[in-house]
Amino acid sequence: MLQVASQARILIVGQAPGAKVHDTGVPWNDASGKRLREWLGVTPEVFYDARHFALIPMGFCYPGRGKSGDNPPRPECAPLWMDKLLAYLRRVELTLLIGQYAQAHFLGGTRKATLTETVAAWREYEPAARIPLPHPSPRNQIWLKRNAWFEAQTVPALRARVAALL
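Please read all numbers here as calculations on a predicted model, not as lab measurements.

Read from one edge to the other, the open sheet built from 4 strands follows the order S2-S1-S5-S6, with strand pairing classed as parallel. Each edge of the sheet is formed by a strand with only one pairing partner; in this case those strands are strand S2 (53–57) and strand S6 (130–133). Averaged over all adjacent pairs, the angle separating strand axes in this sheet is 20 degrees, with direction ignored. Two elements, strand S5 (residues 94–98) and S6, share 4 bridges in a ladder whose sense is parallel. If you follow Thr 95 over to S6, its bridge partner there is Arg 130. Sheet strands in contact with helix H5 (residues 100–107) are strand S1 (10–14), S5 and S6, and its direction is about 130 degrees off that of S5. Helix H9 (residues 149–165) rests against S1, S2, S5 and S6 of the sheet, and its axis sits at about 145 degrees to S5.

What follows is the structure, given as structure tokens:
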């Protein structure tokens, strides 16, 4: 479940497809995708235009259910395909890192101790054109309520950055 075109200027790296996305074959075709598009301030038509957005998960298959949500992405996917896909995406000017797995892969040792600290420090990663985000899953509603600064401060800056690239 990926979407790539060499013209894409914005790359979104997620975790792995959920059950609904796995069934439909359309990335971000669920409640998480709806919230993500709201955060970005884009319509589905713009979001699913591969000339604007490249959508790549850390894992390409549904990893199955775990105790508190879906299992982590399969570990062999990103090392096998990520660099090949990134080499194809030469026009990307902004990379959005959704969730801890994408952040661990792309930010490495510069990542903070927690996802909350990493997302709060998004400005530190912006010079490298990378913005870490929490997962937009409905399961993260509690996180969003506890961290109201995210939607009040980070989301407007994110929307402005995305709008400037479209």
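Counted by the stated rule, this structure contains 6 aromatic pairs. With centroids separated by 5.9 Å and ring planes inclined at 70 degrees, the aromatic side chains of Trp 143 and Trp 149 adopt a geometry described as edge-to-face. For Trp 149, a relative accessible area of 23% puts it in the partly exposed group. Clustering of aromatic rings is evident, with ring pairs tying together Trp 39, Trp 143, Trp 149 and Phe 150. Here the guanidinium or amino end of Lys 84 rests over the ring plane of Trp 81, the centre of that ring lying 5.3 Å away.

On to the pairing of S1, then. For S1, a buried count of 5 out of 5 residues is recorded, marking the element as mostly surrounded by other parts of the structure. Covered by surrounding structure in S1 are Ile 10, Ile 12 and Gly 14 together with Leu 11 and Val 13, the residues of both alternating faces. Of the pairings in the sheet, the one linking S1 to S2 comprises 5 bridges and is parallel in character. Each bridged residue has a counterpart across the sheet, and for Ile 10 the counterpart in S2 is Phe 53. Here S1 pairs with S5 via 4 bridges, running parallel. Note on S5: the bridge partner recorded for Val 13 is Leu 97.

Once that is clear, we can look at unusual backbone geometry. Among all residues save glycine, negative phi is the norm, and among peptide bonds the norm is trans. Here Trp 28, not a glycine, exhibits a phi torsion of approximately 60 degrees, which is positive. Mapped onto the elements, Trp 28 comes out in the loop between helix H1 (19–24) and helix H2 (31–40). Despite not being glycine, Ala 129 shows a phi value in the positive range, around 60 degrees. Exposure remark for Ala 129: the relative accessible area of 18% places this residue in the buried category.

On to the packing of H2 against H9. Contact pair H2 / H9: the axes reach a minimum separation of 7 Å and the direction vectors enclose 75 degrees. With respect to each other, H2 and H9 are oriented roughly perpendicular. In this structure, H2 uses Glu 38, Trp 39 and Leu 40 to contact H9, whose residues at the interface are Phe 150, Glu 151, Val 155, Leu 158, Arg 159 and Val 162. Class assignment of the residues belonging to the contact of H2 with H9 gives a composition of 6 nonpolar, no polar and 3 charged.

Procedures and definitions
- Residues numbered from 1 in each chain as written.
- Predicted model: local features only at pLDDT ≥ 70, side-chain atom pairs only at ≥ 80, totals over all residues.
- Heavy atoms only, no water.
- Pairing = 2+ DSSP bridges.
- Helix = DSSP H or I, 4+ residues; strand = E, 2+ residues; numbered from the N terminus.
- Axes fitted to C-alpha atoms, helices over the stretch in contact; angles between N-to-C directions.
- Contact = heavy atoms within 4.5 Å.
- Phe/Tyr/Trp six-rings, centres within 6.5 Å; stacked < 30°, edge-to-face > 60°.
- Buried < 20%, exposed > 50% of the residue type's maximum accessible area, 1.4 Å probe, protein only.
- Lys NZ or Arg CZ within 6 Å of the ring centre and 35° of its normal.
- Parallel < 35°, antiparallel > 145°, perpendicular 65-115°, else oblique.
- Nonpolar A, V, L, I, M, F, W, Y, C, P; charged D, E, K, R; others polar.

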